[in-house]
Structures are given as C-alpha cells and as structure tokens.
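# Structure at a glance
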Amino acid sequence: MKTLPTSPVEREQALLTDPVRASREALDELLADDFLEIASTGLSFGKAAVLDRLPQEAGSHVFEAWGFTEHAVAEGIVLVTYRAAVARSGIRISSVRASLWRREASGWRMVFHQGTPLPDGATI
C-alpha cells in the first residue's frame, strides 16, 4: 500500500476505494483504536469488526461520493460530511455520511462514522 493522503477529506475518500478497503494495514492506519461506526441498520461496529469485514467486501460495492465538506469541531477534531450512493447487487442506496477525524501523532484517524440512508427517490 503506498502512502495514504494526509487531509481528513482525502483520507475519507481513500476509504471508499477498493485498494484501501482491501488492505487491513491501510484500514488500521486510518481508523483510530477507539473507532465506532453506526451502520445504516442501526448496528454498531468497532475497529476490529471493520478490519475483519471490509477486506472481504472489497470489490463488491461501487461508490459515488460528492459534496465533501470539512468543519473544525475543536482543536485536532474535524467533521467530514458528504453524500454517497452505493451500488450493491444492482441496488443503489443513497445516504448522507458523517465522520469525525482526530489528529494523532501518526496523522488523522477516523474516530466515528455514520451513514444515514435516504428514502427511495430522495434527491441528494
């Protein structure tokens, strides 16, 4: 895996690519040890579950993402928001996504992520 980008938005975008999703090493570098995801199903996952799941799913999803914004929340904490559409098994699901990134000694790492699905036919 070549060097990962440095800004939170670029790191977020990298997480949507197959090479990063397939690399346990890259995911480990991007996700904080206390990472928490609330999935669109309402279930929560920690870092270990994501490290186990994402490499197996790499290549099974086609992502479109746009409208990335970055907002400083506090010193060393950034909120990244964007819109996404994911195609899985021929079904397209649109969502609004938000992630919190924390600056650590090793660089920006994702602490929290949530994707909120939009109703069918919703304009995003």
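Here's what I pulled together on the structure shown here. (Residues numbered from 1 in each chain as written. Predicted model: local features only at pLDDT ≥ 70, side-chain atom pairs only at ≥ 80, totals over all residues. Heavy atoms only, no water.)

## Quick notes on the nonpolar core
The criterion, for reference: Definition used in this section: a nonpolar core is a set of buried Ala, Val, Leu, Ile, Met, Phe, Trp, Tyr and Cys residues joined via side-chain atoms within 4.5 Å. Buried means the residue's accessible area, taken with a 1.4 Å probe over protein chains only, is under 20% of the maximum for its type, while exposed means over 50%, and partly exposed covers the values in between. For helices the rule is a DSSP run of H or I covering at least 4 residues; for strands it is a run of E covering at least 2, with both sets numbered from the N terminus onward.
Leu-15, Val-20, Leu-27, Leu-30, Val-80, Trp-101 and Met-110 are the most contacted members of the largest nonpolar core, which has 23 residues in total. Only helix H1 (8–14), helix H3 (24–30), strand S1 (31–38), helix H4 (47–57), strand S4 (77–88) and strand S6 (107–117) provide two or more residues apiece to this core. Sort the elements by how many residues they give to this core and S4 lands first, with five residues.

## What to know about the packing of aromatic side chains
Selection criterion: Here the aromatic set is Phe, Tyr and Trp, taking the six-membered ring for Trp, and pairing holds for ring centres within 6.5 Å; pairs whose planes are under 30 degrees apart are stacked, those over 60 apart are edge-to-face, and all others are tilted. To sit over a ring, a charge needs its Lys NZ or Arg CZ within 6 Å of the ring centre and within 35 degrees of the ring normal.
Under the definition given, this model contains one aromatic pair. Where Phe-68 meets Tyr-82, the ring centres are 4.4 Å apart and the plane angle is 15 degrees; that geometry is what we call stacked. Taken together, the residues Phe-68 in strand S3 (residues 62–74) and Tyr-82 in strand S4 connect sequence positions 14 residues apart. Among the residues examined, Tyr-82 registers a relative accessible area of 1% and is labelled buried. The ring of Phe-45 has Arg-53 sitting right over it, with the charged end atom 4.9 Å from the ring centre.

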